[in-house]
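Each chain is listed here by its residues.
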Amino acid sequence: MSAAPHSTESLPVLSAGIRSFTYHGDGLPVLEGIDLDLAPGTLTAVLGASGSGKSTLGRLLSGWLPPGTGGTLRGFLELAGTRLEFGAGGDPRINPAEWGRHVGFVPQDPAAVLSTVRATVAEELAFGLENAAVEPQAMKAAAEHTAALLGLTEFLERDPGSLSGGQMRRLAIGCAIIAGPRVLIMDEPFASLDTAGTAGLARLLQGLVRLGTAVVVLSQVVDAPLLAAGTWVVLENGSVTGSGTPAGLQAGSGLLPPGIRASGGAPAPAVDHAGAAHADRLLPRGGAGVPALELRGVCFGYGTRGNAANGRTTWRRIRGGSTAAHASAQVLQGISLRVRRGEIVAVTGPNGAGKSTLLRHVNGLLRPTAGRVLVNGRDIAGEPAGEAARSVGLLFQQPRDQLFERTALREVRFGLDRLFHPDEAAGRALEALSAVGLAGASDAHPAELPASGQRLLALATVLARKPAVLALDEPTVAMDGGGLALLDAAVRSAAGEGAAVVLVTHDLDYARAVAHRVVTLDGGRLDG
Amino acid sequence: MRLHPLTSLAAAGSTAVITTAAASLPLSLAVMGAAVALSARSGTARRLLPAAAAVLLPLGLSLLVMHGLFFPEGRTVLAQWGMARVTAEGLAFALERAAQLGAVVLALLVFSFSVSVPDLVAVLSSRGLHGRFAFVLASTLTLLPAITSRVERIRQAQESRGLVVRRGLLHRAAAFRLQAVPLVLSLIEDAGTRTAALEARGFSNPGPRTSYRAVPDPRGQRVLRAALLAAAAAAVAARLLLTQAGS
């Protein structure tokens, strides 16, 4: 794009002229023809569907993917007045630490930022400052200030590993901004943040922009805070296909590719909005029978020993250094929920409310300290999680936690052979892959799929078994428009075939659009 | 009282040195007993004993085979198969060595399971140890827990897809077969991303660094450390003198 002409008052702090960037071993460039000028005190949104090259661009600009070691760059990067030319032989080398002092980066997977050797959130925040030999008093002040900005003050003494998905993202942002970089690049920062978290982050970004930081948000969702961006850059297949003001790009509809979706907006579903809102009418009759899933007075707290599957998870968590207060906290307090066959129930609630914890009870990965979990009327208390999983499919919050095989097809087939004849297993695996639009990627390594593809693959592993209960943890996070449409179709079709669906989401709009019933989990209790 | 990591390191180290220098079976056995008792009291016995067994059983067996069967100075022959003779002296020697080794291993394991890794890293960094080395040390000490939690995550993913893992060591071992390859691949992949993050956060900076974590080092513990080191040195000296006098 080449946004603003270079004027004296707003010389860009970071510029890039990428003629092409190619990963080693790849024939085709992943980025081509990208010109970017990031001036101090601006908010730029780089919008693109999953796989459009956003993350590569972000990592390249932030020094996480240094040209040379990471791939071949033709073009230039210019940071704080120093221009580095690449591709002409004798390429300069980027010092990631030096670069990182000016450019902060928050990757899509926030846990990747963690040093893993720091015991508390405060120490994790201070890690970068320690390496720059900042005085302890100043570090303490900076950690407290940053935590306050991100609403992490109450977690300062917590083990970073014990944070929920949304809290972890805020910690990753804190690690990136604590040293006051002049440029802040964030990859899908609003994903998995609840409404309050999104609003808080939006305020934080405004504050940073006012202080003169050049903020870049890479996203496949037009989250509300991005409407206030000065510039939108549209990325498609590694190239810039449009740029300008939000108003201009939105007005000239057609400039935004279909993969980019509006915040919270479900894709044009098979059922119209009104239909979805009153979907009770579409529910199969005969709801008086045994519910497919029933939770009766389920209580759970991390720290009461012996309640996790085979009594180990909890024990480890206590040992993990969480505070005694946290360890004894009751996450779930007498949760009761009945989900009928064919019904879609959405559970919403703030970050850290225990939504994922609740979902892990449905297939026995966690065991309640009190209360019962019944699947098709059968108490799963005595069953190993693997057996309960025959009737319950769980989509994890982090797809990477769910994927462990070498190819997408192997991934989907895992466990199917135990349930079905090999021919049927193969058929079901392929069917599930095509249901999520990954038929062409059956040989791809799961880790090489874009974020949206990884979640869809994880979904395929769940769908292939056609379980009676589908439990989905934050299924919309990191999904682009196309992915969301596939997810939506898959969820509705599963429910149509009689599966009970429980989905946990912070995205209230999506919950309302897709579910027959929305319940809220807050303070360990379920309302609604 | 919370022990400064260097104090517990000094205690473990000097115990190991003194036990080795003393080469006394009763002392070795007493140290082993004390180590197990300490770890039971601090609640680490469940993890410490399997680790100790993994190290000591093969070593103990090899000592037994080496000295129990082929001990040239052995006089009291208990059994004989061709070249191999089981002698009472050989068995006694093997037992003594095994106990010595057991004491050293247990003392060091009690240290590594009880030390607060963040404290240790903070202390080492503040004493000028290079950050990278301190990190490697910390990673080594946190590697086992990290691997355990990773295996658990993979196992949960597999259980969610119908892998039935029943209670019992054999079932777990059989299930681990399915988790080993994903584990290694995910650790490698993880290391790649983590490196970029660490580098960008100035982890390789050659200059000085500071530590957020303040670890109190009371005077009493400094004195104790000096005393422990002196005792270890004295034990080694005494051993050398005795050996010289005996030869």
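Residues numbered from 1 in each chain as written. Chains lettered and ligands numbered in written order. Predicted model: local features only at pLDDT ≥ 70, side-chain atom pairs only at ≥ 80, totals over all residues. Heavy atoms only, no water.

(A) Structural context of the overall build of chain A. When helices and strands are tallied, chain A shows 19 helices and 22 strands. For chain A, with 528 residues in total, the buried portion stands at 58%. For chain A, the proportion of contacts with a sequence separation of at least 24, taken over those separated by at least 6, is 72%. Accessible area for chain A stands at about 19900 Å²; split by element, carbon and sulfur atoms hold 52% of it. (Helix = DSSP H or I, 4+ residues; strand = E, 2+ residues; numbered from the N terminus. Buried < 20%, exposed > 50% of the residue type's maximum accessible area, 1.4 Å probe, protein only. Contact = heavy atoms within 4.5 Å. Areas by Shrake-Rupley, 256 points an atom, 1.4 Å probe, with all protein chains shown as cover.)

(B) Quick look at the sheet that holds strand E7 (residues 183-187) of chain A. All names here are of chain A. Spatial strand order, E6-E7-E8-E3-E10-E11: six strands in an open sheet with mixed pairing. Edge strands, defined here as strands with exactly one partner in the open sheet, are strand E6 (103-106) and strand E11 (239-244). Neighbour-to-neighbour, the strand axes of this sheet turn through a mean angle of 15 degrees, independent of strand direction. Relative to strand E8 (residues 214-219), strand E3 (residues 43-48) runs parallel, the two being bridged by five bridges. The residue bridging Val-46 from the neighbouring strand is Leu-218, located in E8. Contacting E3, E6, E7, E8 and strand E10 (231-236), helix H1 (residues 54-61) crosses the sheet at an angle of about 140 degrees to E3. Packed on one face of the sheet, helix H5 (residues 165-177) meets E6 and E7 and runs near 170 degrees to E6. (Pairing = 2+ DSSP bridges. Axes fitted to C-alpha atoms, helices over the stretch in contact; angles between N-to-C directions.)

(C) Quick look at the pairing of strand E4 (residues 71-79) of chain A. Residue and element names in this part refer to chain A. Judged by how many residues are buried, E4 sits mostly within the fold: seven of nine residues are covered. For strand E1 (residues 14-23) and E4, the ladder comprises nine bridges, and the chain directions are antiparallel. Pairing of Leu-14 across the sheet is with Leu-79, part of E4. Examined bridge by bridge, E4 and strand E5 (residues 82-86) share five bridges and lie antiparallel to one another. Residue pairing across strands places Phe-76 opposite Glu-85, the latter belonging to E5.

(D) Molecular detail of the pairing of E3 of chain A. All names here are of chain A. In terms of burial, E3 is largely enclosed, as six of its six residues are buried. Burial along E3 is two-sided: the residues Leu-43, Ala-45 and Leu-47 and Thr-44, Val-46 and Gly-48 are all buried. For E3 and E10, the ladder comprises five bridges, and the chain directions are parallel. Counterpart to Leu-47 in the pairing with E10 is Val-234.

(E) Quick look at the confidence of the model for chain A. Residues and elements named next belong to chain A. Averaged over every residue, the pLDDT of chain A is 84; the share at 70 or more is 88%. Of all the helices and strands in chain A, helix H9 (residues 313-319) carries the lowest mean pLDDT, 34, while E7 carries the highest, 96. pLDDT under 50 marks residues 265-281. Its contacts with residues more than four places away, or in other chains, come to 20 contacts. Residue range residues 304-328 is modelled with pLDDT below 50. Its contacts to residues more than four positions away, or to other chains, number 48 contacts. (pLDDT = per-residue confidence, 0-100.)

(F) Geometry of helix H3 (residues 121-131) of chain A. Among the eleven residues in H3 of chain A, ten count as buried, and that is most of the element. Taken residue by residue, H3 of chain A has Val-121, Ala-122, Glu-123, Glu-124, Leu-125, Ala-126, Phe-127, Leu-129, Glu-130 and Asn-131 of chain A as its buried positions. On its buried face, H3 of chain A sits against helix H4 (136-150) and H5 of chain A together with helix H5 (117-126) and helix H7 (169-200) of chain B. Backbone geometry just downstream of H3 of chain A places Ala-133 of chain A in the positive-phi region, at approximately 60 degrees.

(G) Representation of the domain arrangement of chain B in the model. Residues and elements named next belong to chain B. Assigned domains of chain B: these are domain 1 (5-115 + 218-246) and domain 2 (121-200). Here domain 1 and domain 2 have C-alpha centroids that lie 30 Å from each other. Opposite the five residues of domain 1 that make contact, domain 2 presents four residues. The contact between domain 1 and domain 2 buries some 360 Å² in all, and 83% of this surface belongs to carbon and sulfur atoms. When the buried area of domain 1 at its contact with domain 2 is split by residue, Pro-5, Leu-6 and Ser-112 rank highest and sum to 64% of it. In this assembly, domain 1 and domain 2 are joined by zero salt bridges. Connecting domain 1 to domain 2 are zero residue pairs in polar contact (both at pLDDT 80 or more). (Domains from an automatic or database assignment. Buried area = accessible area lost by both parts, 1.4 Å probe. Salt bridge = Lys/Arg side-chain N within 4 Å of Asp/Glu carboxyl O. Polar contact = N/O pair within 3.5 Å; in protein donor to acceptor, adjacent residues only side chain to side chain.)

(H) Here's a closer look at helix H17 (residues 451-463) of chain A. Spanning 13 residues, H17 of chain A covers 18 Å between terminal C-alpha atoms, matching the ideal 18 Å at 1.5 Å per step. In terms of burial, H17 of chain A is largely enclosed, as 13 of its 13 residues are buried. (Expected span 1.5 Å × (residues − 1).)

(I) Spatial organisation of the sheet that holds strand E15 (residues 344-348) of chain A. Residues and elements named next belong to chain A. Strand order across the open sheet formed by six strands is E18-E19-E20-E15-E21-E22, with mixed pairing between neighbours. Edge positions in the sheet fall to strand E18 (392-395) and strand E22 (525-527), since each has one partner strand and no second. Averaged over neighbouring strand pairs, the angle between their axes works out to 20 degrees when direction is ignored. Direction of pairing for E15 relative to strand E21 (residues 517-522): parallel, over a ladder of four bridges. Counted as the bridge partner of Val-347 is Val-519 from E21. Along the sheet, helix H11 (residues 355-362) contacts E15, E18, strand E19 (469-473), strand E20 (500-504) and E21; its crossing angle with E19, the most-contacted strand, is approximately 155 degrees. The strands touched by H17 are E18 and E19; relative to E18, the strand with the most contacts, the crossing angle is about 175 degrees.

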